Amino acid sequence: MISSAEMTAHQQPLESNFGYRSTASEVIAGFDLAGKTAVVTGGYSGLGFETVKALAEAGVAVIVPARRPEKATEALDGLANVRVEKMDLGDLDSVAAFTAGMREAGTPVDLMINAAGVMATPEQRTPQGWEMQFGTNLLGHFALVAGLETLLQDGARIVSYSSIGHWRSPVNFDDINFESTPYDPWVSYGQSKTADALFAVALDARLAGRGIHAFSVHPGGIMTELQRNLPREELLARQWIDEEGNPNPMFKTPAEGASTGLWAATAPELAERGGAYCEDCSIKGVVADDQTDMMIGGAKAWAIDPESAEKLWAVAVKATGLDPFSS
C-alpha cells in the first residue's frame, strides 16, 4: 500500500501545456495511438462520446459497453474502429457477462476510460441491493476492471471519472447504503465520486509495478445527460442554465470536458503521479477539509487517503465477489 505521505506527494500541483479550454483532440494530438484498444463506458453521449470520437480519429480501436446498445450504435454511426457491446453498469451480472465475452475474445486492453455515471438520482437500489449511485459509479466500474484483469496490457492506463462533487462527502463506511441515514441525492453522489477517486489510488498501488497507472479526474462543469434527474428549477437555482435554458458560459463544452480524462490517459509527466486526482489537464493539490469554494479546485484529503482506499477495496471485493490483482 502506498503511504499517505507518498500519495500527498503525488497530489502536489502540476501544470501541463493544456488547460481549462483544451479539447480532447488537442490533448492527444502527437501521440501514436494507432493499434491500441480502449474501453470507454458512457461512450455514446456527452463526455464519453467526445472521448470515443477523439480516440477513434487517432486510430484507436474503441469498445463501448452500453446499457442501450441500439441507441449507442446510432449515436456512434460513422465513427471508424468503434464497436458497441451490451452492458448495464448498474447490474453486476450484466458487467460479468460483458467481461466474460471480452476474455473469451482475448481482446487486449491498453486504455480504460470509466466515464459513465449517474448523478443525484432519486433513492434506488441496484439489482444486487446497493444504493444506485455507489453501485453504478463505483461497484460497476470495479467489477469491469476486475473482469478485464487478464486483458490489461503492461503500460495500460485506467481513468476513473470522479468530480468536484467529491467535496460533498467522504465514503460513509458505516452506512454506505443509506440504511440508517436519511438519503440525500447530493451526499450520495459525493460519496460515490470520492469512491471513484479512492478506487484509482488502490488500483494504482496494485498495478504500478507493471507500469499500469490509474488516475481519477474531474472533467469540469458541463451540461450533458448527467443532469437528467435535476428539475429545471434546481438548474436555475444553481445558475447552471439561464431562463432560456442556455448553459452557464463558464461551463465547458463536452469536447473540453473530455480533455482531462485523455490527458490522464496519455500524459508522460503523470508516470510518477499514479493515483492522482486531475482537473483542467493539471493537478491542483490538496485542499483543506473545510474549504467550500469549489472554484479553486483540488482534492480533499479523504479522496486520496490510502487507508480509506484499502477499506473501500475490501468493500468492493465483498460486494462483487471479485478480488483482482491479489497475487
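As the structure is a computational prediction, the values presented were derived from the model and not from experiment.

(A) Looking closely at the packing of aromatic side chains. Counted under the stated rule, the structure contains 6 aromatic pairs. Judged by centre distance (5.8 Å) and plane angle (35 degrees), the ring pair of W130 and F134 falls under tilted. When its relative accessible area of 19% is taken as the criterion, W130 is described as buried. On the basis of relative accessible area, F134 is assigned to the buried category, the value being 0%. Centre to centre, the rings of W186 and Y189 are 6.0 Å apart; their planes meet at 90 degrees, and the pair counts as edge-to-face. Here W186 and its partner Y189 are both found in helix α7 (residues 185–207), 3 residues apart, which amounts to about one turn of the helix. The residues W186 and Y189 share a single accessibility class, namely buried. The rings of F142, F199 and W313 are connected pair by pair, giving a single aromatic cluster. If you follow K252 out to its NZ or CZ, it ends over the ring of Y20, 4.8 Å from the centre. Over the ring of W167 we find K300; its NZ or CZ atom is 4.5 Å from the centre of that ring.

(B) Inspection of the packing of helix α5 (residues 92–105) against helix α6 (residues 132–147) at higher detail. Packing of α5 against α6 leaves a shortest axis separation of 9 Å and a crossing angle of 20 degrees. Between α5 and α6, the crossing angle belongs to the class labelled roughly parallel. In this structure, the crossing between α5 and α6 has a hand that is right-handed. Residues L92, V95, F98, T99 and R103 of α5 form the contact with α6, whose participating residues are L139, G140, A143, L144 and G147. Here the residues of the contact of α5 with α6 are counted per class, giving 6 nonpolar, 3 polar and 1 charged.

Rules behind the numbers
Counting of residues starts from 1 at the beginning of each chain's written sequence and follows it residue by residue. In keeping with the model being predicted, local features are shown solely for residues with a pLDDT of at least 70 and side-chain atom pairs are shown and tallied solely at 80 or more, while totals for entire chains, interfaces and linings include all residues. For side-chain calculations, the full set of non-hydrogen atoms in the structure is used, while hydrogens and water are omitted. The pairing test for Phe, Tyr and Trp rings, Trp by its six-membered ring, is centres within 6.5 Å, and the orientation test on the planes gives stacked under 30 degrees, edge-to-face over 60, and tilted for anything in between. With a 1.4 Å probe rolled over the protein chains alone, any residue whose accessible area is under 20% of its type maximum counts as buried; one over 50% counts as exposed, and the rest are partly exposed. Runs of H or I in DSSP of at least four residues are treated as helices and runs of E of at least two as strands, each being numbered from the N terminus. We call a charge positioned above a ring when the Lys NZ or Arg CZ atom is no farther than 6 Å from the ring centre and deviates by at most 35 degrees from the ring normal. Throughout, an axis means a line fitted to C-alpha atoms (over the contacting stretch in the case of helices), and angles, computed between N-to-C directions, take values from 0 to 180 degrees. Each angle gets one of four labels, with under 35 degrees taken as roughly parallel, over 145 as roughly antiparallel, 65 to 115 as roughly perpendicular, and the rest as oblique. Each helix crossing is assigned a hand: it is left-handed if the near helix lies turned anticlockwise from the far helix by less than a right angle, otherwise right-handed if that turn is clockwise. Whether two residues touch is decided by their heavy atoms; if any such pair falls within 4.5 Å, the residues are in contact. Residues are grouped as follows: Ala, Val, Leu, Ile, Met, Phe, Trp, Tyr, Cys and Pro are nonpolar; Asp, Glu, Lys and Arg are charged; every other residue, Gly included, is polar.

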